[in-house]
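If you want the building blocks of each chain, they are given just below.
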Amino acid sequence: MDASGFRRPTGLRKGRQVDAAARARVLQLLDGIELRRDLLIEHLHRIQDAEGCLPAGLLAALADLLRLSQAEVYEVATFYHHFDVVREDDERPPSLTVRVCDSLPCRLAGAEALIASLPRWLGRDVRVQRVPCVGRCAQAPVAVVGRRPVAPADPASVEACVSRGPHDCPDPAAQDYVAYRAAGGYRQLAQLLDGSRSRETVLDELDASGLRGLGGAGFPIARKWRIVARQAGPRLMVVNADEGEPGTFKDRHCLETAPHRMLEGMLIAASVVGCDACYVYLRDEYAGARALLERELAALRRDPPVRGHALPQVHLRRGAGAYICGEESALIESVEGKRGMPRLRPPYVAEVGLFGRPTLAHNVETLHWLPEILERGAAWFAGHGRRGRRGLRAFSVSGRVRSPGVKLAPAGISVRELIDEFCDGMLPGHELYAYLPGGASGGILPASLAGEPLDFDTLQPHGAFIGSAAVIVLSQHDRAVDAARNLMAFFRDESCGQCTPCRAGTAKAAREIASGDWNVALLRELSTTMMDASICGLGQAAPNPVLSVLRHFAHELGPDDAGER
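Presented here is a report on the structure given in the accompanying data block. (Residues numbered from 1 in each chain as written. Predicted model: local features only at pLDDT ≥ 70, side-chain atom pairs only at ≥ 80, totals over all residues. Heavy atoms only, no water.)

The next point concerns the pairing of strand 7 (residues 235-241). Counting buried positions over the seven residues of strand 7 gives seven, a clear majority of the element. Where burial is concerned, the two faces of strand 7 agree: the one with Arg235, Met237, Val239 and Ala241 and the one with Leu236, Val238 and Asn240 are both buried. Here strand 7 pairs with strand 8 (residues 275-282) via seven bridges, running parallel. The residue of strand 8 that forms the bridge with Val239 is Val280. (Buried < 20%, exposed > 50% of the residue type's maximum accessible area, 1.4 Å probe, protein only. Helix = DSSP H or I, 4+ residues; strand = E, 2+ residues; numbered from the N terminus. Pairing = 2+ DSSP bridges.)

Structure, rendered in structure tokens:
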């Protein structure tokens, strides 16, 4: 009996009751997929795709089938941007959603005007959402109608796509399995598996090449492989294809042009380290790449490249719209079907990672290079650098340049050279004013530093870093202050909320810089606290745009606003 005197019927459990029809519907939707805790996010996607939302009754039924509490399922579903949880009395969202990117490259190209005008063009039956980067910054501004990108977008092109369709992402024109094999693909994996190339010679070659992890941290990959290989098995591997850093789209380019180069690199790494299974975590915005990978993985399984040698299991997992899942431990939590909350370290994922096992984690571009380095040799790769740097990098270039896109250029190239030699210069009427060398988190540098080498460890003296090599170019028509406001709002919205310095600090900083009257002393204190006390890279790097303005662009604030107070 509760406080009101109501007596619960015997045998009736607390909370929302599971409806038989809802249970039957969930079983129908999940036909062909195992009911497992680690597949919770995959289950939620199945329901969302079919229903257009996540009705509370179906979530209750899913929790019952998985033997989880309803609270646990609910907290996972509400953590990710791409899930729409609808309570019993709530109105369902419209059947079609148009998502418009408001991150910096799209904002430079007019995204705010597009967001403001679309509701008038599309009417009330279409939902218009502003969203963070969707990984197509070279074609800004970008809208996604259902799952179909419209890029560059204007109201007329978006309305035409809404009216005429289709609303699915087209298949990328990528090199398929047959073509890759015909061009000599999987030869390096075959040599490793048949014993004609030893694991130690592979590690030595990678050491000599100087290849480092290209997802942002820049850790030497041969050293990482040796660390994981020393751990007791079974060992696992995760591929981070969740590039959500505003300005970054190189991994999508790799996947949509030559997916088997990444897959062969992944299988080489798994073989050298001794990983029993591989998990590819792909951001939900890359629907075309997901369909492509599903098809090409099926072709790989049907006709393995090396007869008599079983390949490790490869699992494709779908993200759900959370920038934080680009952090490797948050990604692992998401693969396990949980909220993408970064883990405290130590232990590191190389020791205790996915499902508690030693785990090798790499991004797509790193794996993309492996077959070619082993084919051509370490000297070929290392010989491409400038200014004493080694190797090649895929730069994602966007902003005020004539020819944005993925540019394959030597490590150590300057942004001035990158613009002039690979991007056909600045747009007409624009001159280089500032640039972001590493996306949202890498800081903002002035044109006076346009000759600095772009590589790991070269930009830190100026309060910046290269990170994922997402270069966003600003001109004299832009302001670093406006860029910092856009970026801090992004970090505020994408903070997972686990640690107070990041959760409260990003929100406070975003409010403080919303106007021109900056409390510089407070912003410096906030920045120090976030950098020192946040447990992952998001909170540690979030202050970089603000600190860059204070360091290099204080003139934009005016003499009164830039003073300490």
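Okay, back to it.
This paragraph deals with the sheet that holds strand 7. Strand order across the open sheet formed by four strands is 9-8-7-10, with parallel pairing between neighbours. Edge positions in the sheet fall to strand 9 (313-318) and strand 10 (359-363), since each has one partner strand and no second. Each neighbouring strand pair of the sheet contributes to a mean axis angle of 20°, computed without reference to strand direction. With respect to the sheet, helix 14 (residues 287-302) is in contact with strand 8 and strand 9, its orientation differing from that of strand 9 by roughly 170°. (Axes fitted to C-alpha atoms, helices over the stretch in contact; angles between N-to-C directions. Contact = heavy atoms within 4.5 Å.)

So, about the packing of helix 10 (residues 199-209) against helix 16 (residues 364-376). Viewed as axis vectors pointing N to C, helix 10 and helix 16 meet at an angle of 100°, and their least axial separation amounts to 10 Å. One way to sum up the angle between helix 10 and helix 16 is to call them roughly perpendicular. Within the contact between the two elements, helix 10 uses Val202, Glu205, Leu206 and Ser209 and helix 16 uses Leu370, Ile373 and Leu374. In terms of residue class, the contact of helix 10 with helix 16 is made up of five nonpolar, one polar and one charged. (Parallel < 35°, antiparallel > 145°, perpendicular 65-115°, else oblique. Nonpolar A, V, L, I, M, F, W, Y, C, P; charged D, E, K, R; others polar.)

Counting buried residues in helix 12 (residues 250-257) gives six out of eight residues, a clear majority hidden from the surface. Inspection of helix 12 places Lys250, Asp251, Arg252, Cys254, Leu255 and Glu256 among the buried residues, and these make up the whole buried set.

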